[in-house]
Structures are given as C-alpha cells and as structure tokens.
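Listed below are the residues making up each chain.
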Amino acid sequence: MTEQAMTFGPGGAMIGILTRPTTPRKNAPVVLLTNAGVIPRQGPHRINVKLARALALQGIASLRFDLSGNGDSGSIGNTEGICAQAVNDLQSAMDAVNNAMGTSRFLIVGICSGAVHAYNVALADERVSGILMFDGFWYRSRYTTPIRDVKRALDADWASRIAAIKRRFVPTNVAEEPTAESQAANSMAANNPYSSPPIEDYKAAMRKLFNRGTDVFVLFGGSVIDYYSYAGQFKDVFAGEPFYADVRCEFHPDIDHTFISRHAQQKLLALACDWASAQEKKSMALNQRV
C-alpha cells in the first residue's frame, strides 16, 4: 500500500492521508474517515489509521482527514455552523479523491460526532453509497431503562447493590458521583449540534436514504447503556418502518466508545472491513444499471 498526504478544500486548508492498496478492487467505493469529536484524524487510539491500512489489505482505498479547524486542517471561516460546515468539508474530500482517483462513490465510517456528519452528508450528496454510524443517534424503547437497570445490578458487587437499595429507599442529600459511563452518555445526548434529531425527522431521513439505495449500518457499543442498552432496541423502535429491513443494526457491548482494548479495536476493524468489502457488489450492480 501507499500513503500520500493531500491538501484540498478552500485555499488548500484541509489535510488528509490517502491510503491506496497495492491491488485495488475495481468497483470498490473509497472510504472516508474523519474526526471523532475533537480527536484528530487518526481517531481514538489510532483506530482510523488501523482501519485505513486494514482496508488497503482488502483492496479498498481510503482518505482519513481533519475537518476544517480540527487537527492539522486550518479554519476556512466557518459561518454556517459545525454540522453544515462538516458536510461541505466531506464534499470537498470527495471532490479531492475524485480528482486523484476518478472515484464517484464513497463510504463513510463515522465514530461519535463523525457518525452525525456521515448521516448529514449522505442526505445531502448522492455520491455517498453507504454509511457506518458508530454510537451516533439513538432512540429509547420502553425496555431501554429497565434492561439497563438489570444489567447494572448484575454487574455490581453486593456492596454496590446494597448501597443502591439504600439510595432508593433512604433519603439523602448527598449527590451521587457520576460514573464515566454516565458522563459519556450525557456528553453525547446534551442539547448540542450532535443530539439525535426528533424521531419523525429521523424516520423521514432514513426513508430518503432507503429510497435512494444508500446502505446504512448502525452500530452501537456498550459505553452508553443509558441510551442504548440491548440488541433489539432499534427493532422495537423502528420495526414498522419501511427502511427497517434494509438497515443493518448491531449492538456489541464489548466494544467501548473509544476502543481502549485490543479486542474492541479488532472487532471494529473486522465489522467495518467486512461491511466495506460487501459494498463492491452493490457498486457493480449500480454500474451495470447506469
């Protein structure tokens, strides 16, 4: 494989690394990888670097890059808001790859806020043929909180269980210490540009992607069980929607939000590479249709 630094976007302010396989697949879309929150383009624990190289070994090219004003990319005078600017940045990345490789179809693997940007640009640009959203939007079912409570009780030691019972039945003015898990959940679900849109808006957007034939893989890890606590949650919320059968949704509680463990990293790489590899056949079908 080869890895080449690229500058692109307005004034060449944006910086990325284009990873090309030694033996590329003819019909494989190029994968775009970008920032997760404020983490630069390498991703949490360098997961984007590892994914780019794993994809190259399977014949799939990728571009990992910093959105404008993040990492090594300069600011380009954003006046539209974070999410709107990210759409522009991703479109600039697609233009740059198209100029370099002649590619017109793209996949996006988005982590955390990157999942939100993947969703937004897929709605805005038909060159996006598939998105993988890791810990992006979530919508609770009636079972989310009860299942979360049971899981926490089973995971706790006896001292913690007794303390929880006391807190429930014995009044106290002492505030509970927030857990790392609850802090992560709160940071993702707060009223900010990355919050889940109203459910009816989400349904309408997913119908649009479904009608266009955009492949959607919704993946959840185990770090935010306040919001997504069991494998069937997506089904319980969306089973009646026309897009439901076409959306791949998986819950892997052994994958943490920032891929701290080697196991979590390897599992994410396997899932993402298998998903990206499967898109080659869809691209071939689309090419035959055109």
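These figures come from a predicted structure and were not determined experimentally.

## Some words on the overall build of the protein
Check the secondary structure of the protein and you find nine helices and eight strands. Split into buried and exposed, the 290 residues of the protein put 48% on the buried side. Taking all contacts inside the protein whose residues are at least 6 apart in sequence as the whole, residues at least 24 apart take part in 74%. Total accessible area on the protein stands at roughly 14,100 Å², and carbon and sulfur atoms take up 53% of it.

## Quick word on the packing of aromatic side chains
One pass over the full model with this rule turns up 16 aromatic pairs. Both rings, one in Y119 and one in F137, keep their centres 4.9 Å apart while their planes meet at 90°; by these two values the pair is edge-to-face. Remark: F137 occurs in the loop between β6 (128–134) and α4 (144–155) and Y119 occurs in helix α3 (residues 113–124); sequence separation between them is 18 residues. Accessibility assignment for this pair places Y119 and F137 in one class, buried. Each ring, one from Y119 and one from Y202, has its centre 5.9 Å from the other, and the planes form 15°; the classification is stacked. Here Y119 is found in helix α3, whereas its partner Y202 is found in helix α7 (residues 199–212), with 83 residues between them in sequence. The exposure class of Y202 is buried, given its relative accessible area of 2%. Ring-pair connections join several aromatic residues into one group, and the members of that group are Y119, F137, Y139, Y202, F234, F238, F243 and Y244. A cation over a ring is seen here: R248 above F217, with NZ or CZ 4.0 Å from the ring centre.

## Structural notes on the packing of α3 against α7
As a packed pair, α3 and α7 sit with axes 10 Å apart at the nearest point and diverge in direction by 55°. Taken together, α3 and α7 sit at an angle that is classed as oblique. Once α3 is placed against α7, the crossing between them reads as left-handed. Counted together, Y119, A122 and L123 of α3 and D201, Y202, A205, M206, K208, L209 and R212 of α7 form the full contact between these two elements.

## What about empty space enclosed by the protein?
Summed over the entire model, instances satisfying the criterion amount to two cavities of 30 Å³ or more. Roughly 40 Å³ of internal volume is contained in the largest cavity. As for the largest cavity, its lining consists of F137, W138, Y139, Y202, F220, Y228, Q233, F234 and F238. Looking at the lining of the largest cavity element by element, the count peaks at three residues for helix α8 (residues 233–238). The class makeup of the residues in the lining of the largest cavity is eight nonpolar, one polar and no charged. Quantified by volume, the second largest cavity comes out at close to 30 Å³. Every residue along the wall of the second largest cavity is listed here: T34, N35, N48, V109, G110, I111 and G114. Top contributing element to the lining of the second largest cavity by residue count: strand β5 (residues 106–111), with three residues.

Conventions used here
- Residues numbered from 1 in each chain as written.
- Predicted model: local features only at pLDDT ≥ 70, side-chain atom pairs only at ≥ 80, totals over all residues.
- Heavy atoms only, no water.
- Helix = DSSP H or I, 4+ residues; strand = E, 2+ residues; numbered from the N terminus.
- Buried < 20%, exposed > 50% of the residue type's maximum accessible area, 1.4 Å probe, protein only.
- Contact = heavy atoms within 4.5 Å.
- Areas by Shrake-Rupley, 256 points an atom, 1.4 Å probe, with all protein chains shown as cover.
- Phe/Tyr/Trp six-rings, centres within 6.5 Å; stacked < 30°, edge-to-face > 60°.
- Lys NZ or Arg CZ within 6 Å of the ring centre and 35° of its normal.
- Axes fitted to C-alpha atoms, helices over the stretch in contact; angles between N-to-C directions.
- Parallel < 35°, antiparallel > 145°, perpendicular 65-115°, else oblique.
- Left-handed = near helix turned anticlockwise from the far one by under 90°.
- 1 Å grid on protein atoms, 1.4 Å probe; cavity = no way out; pocket = protein on both sides within 12 Å on 5 of 7 lines; lining within 4 Å.
- Points joined across faces, edges and corners; volume = space filled by probe spheres on them.
- Nonpolar A, V, L, I, M, F, W, Y, C, P; charged D, E, K, R; others polar.

Purely spatial values, then, with no claim about function.
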